[in-house]
Amino acid sequence: MSVIHVENLTKSYGKTLALDKVDLEVEQGEVFGFIGPNGAGKTTTLRILLGLLHKNAGHVSVLGADPWRDAVALHRRLAYVPGDVSLWPNLSGGEVIDLLGRLRGGFDQSRRDELLERFKFDPTKPCRTYSTGNRQKVALIAAFISDVELFILDEPTLGLDPLMEAVFRDCIAEVRQAGKTVLLSSHILAEVEALCDRISIINEGTIVESGTLAELRHLTRISVSVETARPVTGLSELPGVHNVRVDGARAHFTVDAGAINRVMEHLTPFDALSLTSAPPTLEDLFLRHYELHTGDDAR
Amino acid sequence: MKVSEFSGTGALIRLILRRDRLLLPIWIALPPLFVILVASAFVSLYPTAASQQTIAAQIVNGPGLVALLGPVSAPTVGALTAWRSSIFAAVIVAGANALTVIRHTRTDEETGRYELLGSGAVGRRAPLSASLVVTLGADLAIAALVTGGLVAFGLPVAGSVALGLSFAAIGWTFAAIAGVAAQLAESAGVARGIAGAIFVLFYVLRAAGDANEQSGQSWLSWLSPLGWMRLVKPFASERWGVFAIFLGAVIVLIAMAYTLSSRRDVGAGILTPRLGPARASPRLRSPLALAWRLHRLTLLAWAAMFAIYGVMVGYLAKTTADLLATNPQLANLFAHFGGASAYTDSLFTLSLTFLGWIAAAYAITATLRLQSEEVERRVDHVLATAVSRLRWATSDLALMVIGSAVVLAAFGLSAGLTYGLSTGNVGYELPRMLVATLAYLPAVWVVAGIAMALYGLVPRLSFVSWGVLGAFVLLELIGETLKVSQSILNLSPFNRVPAVLVSGVSVMPLVWLTILALVLTIVGLIGFQHRSIG
Ligand SMILES: Nc1ncnc2c1ncn2[C@@H]1O[C@H](COP(=O)(O)OP(=O)(O)OP(=O)(O)O)[C@@H](O)[C@H]1O
Ligand SMILES: [Mg+2]
């Protein structure tokens with residue numbers, strides 16, 4: 001059964017079309033990444049999933065419920081970390097964590113203590129004195145102390161240092177282990193690569209790609225760097241080969257997944273001495289879709 | 001002080017002008033408009049020199065009115081206008097200046113907007129400088145409009161200039177005070193609280209000084225900028241030297257603000273807050289508990305302010321009664337108006353009118369906290385938990401309803417107690433005063449209901465509720481002196497509040513006002529449940 005089901009979701013703010021026929025399917029027990037550049041519509045989508053925003057058209061169901069109508073019952077079963085965490089300036093971090101945990105329907109004290117320890121978080125300061133990273137910790141701890149089925153996290157690692165990011169990843173791993181579902185938005189691609197089972201890429205309000213990382217890699221190019229005995233020629237003419245740069249005995253290029261065999265055959269006569277190839281990072285994938293959309297792709 | 005610390009001031013001035021393009025013209029226009037209305041009211045009510053003489057004498061001989069608004073310095077239309085408009089204009093001008101300066105310094109810093117600017121080519125002193133330039137300029141515009149209006153109306157030039165400048169001077173003073181407060185406090189709320197408390201202190205000093213002028217305590221008025229406004233004596237042998245005191249005070253305060261600003265980090269204040277609890281109290285488990293935790297101190301401060309005002313009015317009433325008892329001539333004069341007790345009752349009634357407006361201002365602030373929670377995106381945390389929109393909104397509204405009752409009761413109790421103790425008849429005065437004060441509650445709730453309806457339906461226009469309150473106040477101020485038709489006067493809920501002390505309790509208007517408030521609130525709540533958040 002899918003935990004989140006979104007079909008044809010459309011949303012506009014006045015004249016700006018923020019979401020245009022978005023589809024999204026998140027299955028029980030998976031960690032799902034939702035990535036896209038600034039202003040792509042990630043936050044808008046997540047806030048519709050929480051029933052905070054009206055949708056203009058389409059169908060949305062979260063944990064089998066309609067988030068607009070059944071908000072209260074639904075919210076007992078999920079935890080949300082907003083993208084831009086702003087807190088009550090006069091409350092202490094500890095107070096906010098307890099309050100949010102209680103409003104969600106209760107939490108485990110020992111889990112709270114453990115998370116404070118792991119995130120190295122001082123709960124006694126007034127919230128106005130917390131740095132961005134510390135505000136983020138408040139929201140994350142408040143979310144992870146709750147025993148809920150679904151976590152909706154909007155750019156959850158914003159402002160966390162690498163050490164804390166590692167703690168966050170551990171938390172996600174534990175949650176996944178416990179069979180819970182996570183939907184996280186991000187533009188930090190390494191994080192999505194490390195954490196997510198499946199991803200969707202959104203750009204300017206439309207989903208441009210979805211699938212597992214493996215599936216998406218097929219859609220993109222591998223970058224190759226080769227050293228040959230004699231300078232390589234004729235690479236640019238091969239179909240499926242791009243961005244060729246030859247400097248002396250070395251050649252660099254990218255190649256479509258389907259054209260690798262042809263390239264290998266082409267290279268043999270030039271006597272390859274060494275060859276390194278790198279799988280596409282999500283970065284490449286992401287940039288490529290971004291370029292495609294803005295129309296300055298090299299293809 | 002390096003020049004680079006001021007760089008970007010010009011750009012910030014333009015930014016402030018753009019952000020305040022609606023508010024600024026409103027508060028600049030209000031004082032001149034009011035002054036001219038008052039002047040024309042006095043001309044139409046007291047056209048002859050003799051009638052002006054009589055009314056001035058009546059005012060000066062009633063210490064209650066002198067304490068509330070100050071003495072009249074000459075029996076002319078100009079002096080009467082200055083007397084009637086100064087305090088009201090001071091509230092508007094001082095309030096607008098302080099709020100504007102804090103909004104563009106501490107609020108921006110608190111919300112992190114300053115960080116955006118600070119990292120650009122904006123010096124650390126630029127925000128304070130820009131907000132001061134804008135407010136000081138706006139005050140000069142007020143002075144020019146007031147002067148121009150009164151001269152055009154046919155009043156003496158010197159007096160008109162003095163009155164206009166006294167408005168500007170009080171504005172400057174409070175812009176500078178707010179500049180200092182914004183450096184001291186770490187939150188905009190506390191900074192506003194400091195500025196407000198200082199205004200109340202100045203008002204009390206002036207009232208005490210003016211009321212006891214005969215007994216030689218008028219030096220108290222010299223301690224208060226609100227006293228200086230009167231001591232300028234517009235339209236009665238103007239004392240221009242008083243402006244030098246204003247100027248000196250403003251320069252010292254601004255220097256203080258700049259010095260403080262260089263002694264602290266961005267985002268920090270001079271008054272550093274203490275650490276908070278590591279765990280929330282077990283009671284902090286509902287939106288209502290949250291609202292209480294966030295706003296209890298503010299409520300306490302408001303209640304204290306109302307209680308002090310109550311003691312003051314109760315004490316004044318007592319002084320008036322004493323004076324009438326020892327002075328048969330005066331007593332005769334007042335018998336003419338319905339007797340000594342009638343006089344103290346109408347003094348109380350007048351104070352209650354002021355009070356109703358201030359309580360309504362409290363109610364609007366308390367209601368529009370919903371909006372600031374939404375704008376600051378804090379509401380997302382709460383509404384993403386098992387709290388419904390209705391529960392969240394009604395929690396804050398409940399605190400507003402209770403809070404407005406508490407502040408009004410604080411006045412009623414303290415005024416009734418002070419006056420009752422002095423006349424030795426607490427059992428009679430206390431309940432009467434309390435009922436008369438609480439009679440304002442339904443009208444206050446109507447104003448809050450208007451704020452809620454606007455917030456629920458069109459949150460962007462929530463601030464219009466301030467304009468509505470301003471219109472009600474203006475109606476009452478004008479209606480009092482100018483002969484405005486009853487049907488227009490009746491648009492103001494305050495006009496429906498029974499003057500309990502003068503004419504007894506009438507229940508029906510209160511019931512109708514409560515129903516109206518309820519309907520407005522429900523409309524707002526329905527709107528809120530059906531719209532997007534943020
Ligand atoms: N309240 C609003 N009113 C008008 N337009 C809005 C509003 N909120 C968002 N938008 C617009 O909708 C689009 C999507 O915004 P959204 O916040 O969902 O993007 P995002 O993917 O979360 O971006 P980011 O990565 O920067 O957080 C943007 O073009 C944005 O300008
Ligand atoms: Mg976002």
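Residue positions are given per chain, counted from 1 along the sequence in the order it is written. Numbering of ligands from 1 and lettering of chains from A proceed in the order in which they are written. In view of the model being predicted, local features appear only for residues whose pLDDT reaches at least 70, and side-chain atom pairs are presented and counted only at 80 or more, with totals across whole chains, interfaces and linings using the full set of residues. Heavy atoms from the whole structure form the basis of all side-chain values; hydrogens and water molecules are not counted.

> Describe the overall build of chain A, listing the residues and the values that go with them.
Secondary structure elements are taken from DSSP: a helix is a run of H or I of four residues or more, a strand is a run of E of two residues or more, and numbering for both begins at the N terminus. A count of helical and extended segments in chain A gives 10 helices and 13 strands. Principal-axis analysis of the C-alpha atoms gives chain A an extent of 70 × 45 × 35 Å. For each residue, the accessible area found with a 1.4 Å probe, counting protein chains only, is set against the maximum for its type, and the residue is called buried under 20%, exposed over 50%, and partly exposed in between. Residue burial in chain A is summarised as follows: out of 299 residues, 53% are buried. Contacts between residues were defined by any pair of non-hydrogen atoms, one from each residue, lying within 4.5 Å. Sequence separation of 24 or more characterises 67% of the internal contacts of chain A that already satisfy a separation of 6 or more. To be clear on the numbers: accessible area is Shrake-Rupley with a 1.4 Å probe, and residue cover counts the displayed protein chains and nothing else. A total accessible area of about 12700 Å² is found for chain A, and carbon and sulfur atoms account for 51% of it. Neither His nor the chain termini are counted; the positive set is Lys and Arg, and the negative set is Asp and Glu. A single reference atom marks each charge: NZ on Lys, CZ on Arg, CG on Asp, CD on Glu. Between the centroid of the 31 positive side chains of chain A and the centroid of its 41 negative side chains there is a distance of 4 Å.

> Could you give an account of the overall build of chain B, naming the residues involved and the relevant values?
Of the regular secondary structure elements, chain B holds 23 helices and 0 strands. Radius of gyration: C-alpha atoms only; globule rule: 2.2 Å multiplied by the number of residues to the exponent 0.38. Taken over C-alpha atoms, the radius of gyration comes to 24 Å for chain B, in line with the 24 Å a tight globule of 534 residues would show. If you line up chain B on its principal axes, its C-alpha atoms span 70 × 55 × 40 Å. Among the 534 residues that make up chain B, the fraction classed as buried is 54%. As presented, chain B carries roughly 21900 Å² of accessible surface, and 70% of it is formed by carbon and sulfur atoms. Computing the positive centroid from 35 side-chain charges and the negative centroid from 22, chain B places the two 5 Å apart.

> An account of the domain arrangement of chain A is needed here, citing residue identities and associated values.
These domain boundaries are the output of an automatic or database domain assignment. The domains assigned to chain A are domain 1 (2-212) and domain 2 (221-279). Centre-to-centre, using C-alpha coordinates, domain 1 of chain A lies 43 Å away from domain 2 of chain A.

> Please set out the sheet that holds strand β11 (residues 241-247) of chain A residue by residue, giving values where relevant.
All names here are of chain A. On the basis of which strands lie adjacent, the open sheet formed by 4 strands has the order β11-β12-β10-β13 and antiparallel pairing. Two strands close off the open sheet at either side, each with one partner strand: β11 and β13 (272-278). Pairwise comparison of adjacent strand axes, ignoring direction, gives a mean angle of 15° for this sheet. Any two strands with at least two DSSP-identified bridges between them are counted as paired. Of the pairings in the sheet, the one linking strand β10 (residues 221-228) to β13 comprises 6 bridges and is antiparallel in character. In the strand pairing of β13, Val-226 is matched with Leu-275. The axes are straight lines fitted to the C-alpha atoms, using for helices just the contacting stretch, and the angles between their N-to-C directions are given from 0 to 180°. The strands touched by helix α9 (residues 260-267) within the sheet are β10, β11, β12 (250-256) and β13, with β12 carrying the most contacts at an inclination of about 155°.

> Report on the pairing of strand β7 (residues 181-186) of chain A, specifying residues and quantitative values.
All names here are of chain A. Taking burial as the measure, the 6 residues of β7 include 6 buried ones, the bulk of the element. Across the two faces of β7 the burial is the same, with Thr-181, Leu-183 and Ser-185 and Val-182, Leu-184 and Ser-186 all buried. Two strands pair when backbone bridges link them, and strand β3 (residues 31-35) and β7 are joined in this way by 5 bridges, in the parallel orientation. Directly across from Ile-35, in β7, lies its bridge partner Ser-186. Taken together, the 5 bridges between strand β6 (residues 150-154) and β7 define a ladder with parallel strand orientation. Looking at β7, one finds that Asp-154 is bridged to Ser-185. For the handedness criterion, the β-α-β arrangement of β6, helix α6 (residues 162-177) and β7 is classed as right-handed. Here is how to tell: hold the view so the strands point away, follow the path from the first strand over the helix to the second, and if it runs clockwise the crossover is right-handed.

> Describe the site of ligand 1, with residues and values.
Residues and elements named next belong to chain A. One heavy atom within 4 Å of a molecule or strand makes the whole residue count as near it. The full set of residues close to ligand 1 is Tyr-13, Ala-18, Pro-37, Asn-38, Gly-39, Ala-40, Gly-41, Lys-42, Thr-43, Thr-44, Glu-155 and His-187. Polar contact is the term for a pair of N or O atoms within 3.5 Å; when the atoms are in protein, one must be able to donate a hydrogen and the other to accept it, and sequence-neighboring residues count only if both atoms are side-chain atoms. Contact between ligand 1 and Tyr-13: a nitrogen atom at 3.4 Å from a side-chain N or O atom of the residue. The side chain of Asn-38 places a nitrogen or oxygen atom 2.9 Å from an oxygen atom of ligand 1. Within the complex, the protein chains bury 63% of what would otherwise be the 640 Å² of accessible surface of ligand 1. With 3 residues, the top contributor of residues to the shell around ligand 1 is helix α1 (residues 42-49).

> How would you summarise the interface of chain B and chain A if you had to cite specific residues and measurements?
Contact residues are listed per partner, giving 40 residues for chain B and 39 residues for chain A. In total, about 3500 Å² of surface goes out of reach between chain B and chain A, with carbon and sulfur atoms giving 56% of it. Among the residues chain B hides against chain A, the three largest losses belong to Arg-279, His-381 and Ala-386 of chain B. Together they make up 18% of the total. The salt bridge criterion pairs a side-chain nitrogen of Lys or Arg with a carboxyl oxygen of Asp or Glu, the two atoms within 4 Å. If you look at where chain B meets chain A, you find 3 salt bridges. The interface formed by chain B and chain A holds 24 residue pairs in polar contact (both at pLDDT 80 or more) in total. Among the secondary structure elements, those contributing two or more residues to the side of chain B that touches chain A are α13 (287-326) and α16 (379-383) of chain B. Classification used: nonpolar for Ala, Val, Leu, Ile, Met, Phe, Trp, Tyr, Cys and Pro, charged for Asp, Glu, Lys and Arg, polar for all others including Gly. Across the side of chain B that touches chain A, the residue classes tally to 16 nonpolar, 11 polar and 13 charged. We define buried area as the total accessible area lost by two parts upon association, computed with a 1.4 Å probe and summed across both.

> Mind laying out the environment of Ile-260 of chain A, listing which residues take part and the relevant values?
All names here are of chain A. Within the element layout of this structure, Ile-260 appears in helix α9. On a C-alpha basis, the gap between Ile-260 and Ala-40 in space is 33 Å, while along the polypeptide they are 220 residues apart. What Ile-260 contacts, discounting residues up to four positions off in sequence, is Ile-222 and Val-255.

> Any details on the nonpolar core? Residues and values, ideally.
Nonpolar cores were defined as sets of buried Ala, Val, Leu, Ile, Met, Phe, Trp, Tyr and Cys residues, with membership established by side-chain atoms within 4.5 Å. In this structure, Phe-144 and Leu-184 of chain A together with Trp-392 of chain B are the most contacted members of the largest nonpolar core, which totals 239 residues. In terms of residue count, helix α5 (residues 77-110) of chain B provides more of this core than any other element does, 16 residues in total. Aside from chain neighbours lying at most four places away, what touches Phe-144 of chain A is Arg-111, Leu-115, Phe-151, Leu-153, Phe-168, Cys-171, Ile-172 and Val-175 of chain A. In terms of nonpolar packing, the next biggest core, distinct from the first, is built from 14 residues, Leu-235, Leu-238, Ala-251 and Ala-259 of chain A among them.

> Tell me about the packing of helix α7 (residues 126-153) of chain B against helix α12 (residues 241-262) of chain B, and name the residues and values.
Residue and element names in this part refer to chain B. At a closest axis distance of 10 Å, the pairing of α7 and α12 adopts a crossing angle of 160°. Judged by the inter-axis angle, α7 sits roughly antiparallel to α12. Here the hand of the crossing between α7 and α12 comes out right-handed. Packed against α7, whose contacting residues are Leu-128, Ser-129 and Leu-132, the element α12 presents Ile-254, Ala-257 and Tyr-258 at the interface. Looking at the contact of α7 with α12 residue by residue, the class counts come to 5 nonpolar, 1 polar and no charged. Convention used here: angles under 35 degrees read as roughly parallel, angles over 145 as roughly antiparallel, angles from 65 to 115 as roughly perpendicular, and any remaining angle as oblique. Should the near helix be turned counterclockwise from the far one by less than a right angle, the crossing is left-handed, whereas a clockwise turn marks it as right-handed.

> Help me get a handle on the sheet that holds β6 of chain A, residues and values and all.
Across a sheet, strands are paired by hydrogen bonds formed along the backbone, either parallel or antiparallel in direction. Residue and element names in this part refer to chain A. Across the sheet, which stays open at both edges, the 6 strands sit in the order β5-β6-β7-β3-β8-β9 with mixed pairing between neighbours. Looking at strand neighbours, the two that pair on one side only are β5 (78-81) and β9 (206-212), the edges of this open sheet. On average, adjacent strands in this sheet sit at an angle of 15° to one another, irrespective of strand direction. Here helix α5 (residues 132-144) sits on the sheet in contact with β5 and β6, set at roughly 175° to β5.

> Provide a residue-level description of unusual backbone geometry, including the pertinent values.
We note that Asp-271 of chain A has phi near 65°; this positive angle belongs to a residue other than glycine. Looking at the element boundaries, Asp-271 of chain A is found in the loop between α9 and β13. Residue classification places Asp-271 of chain A among the partly exposed positions, given a relative accessible area of 42%. Unlike most non-glycine residues, Arg-377 of chain B shows phi in positive territory, near 70°. Topologically, Arg-377 of chain B is positioned in the loop between α15 (340-375) and α16.

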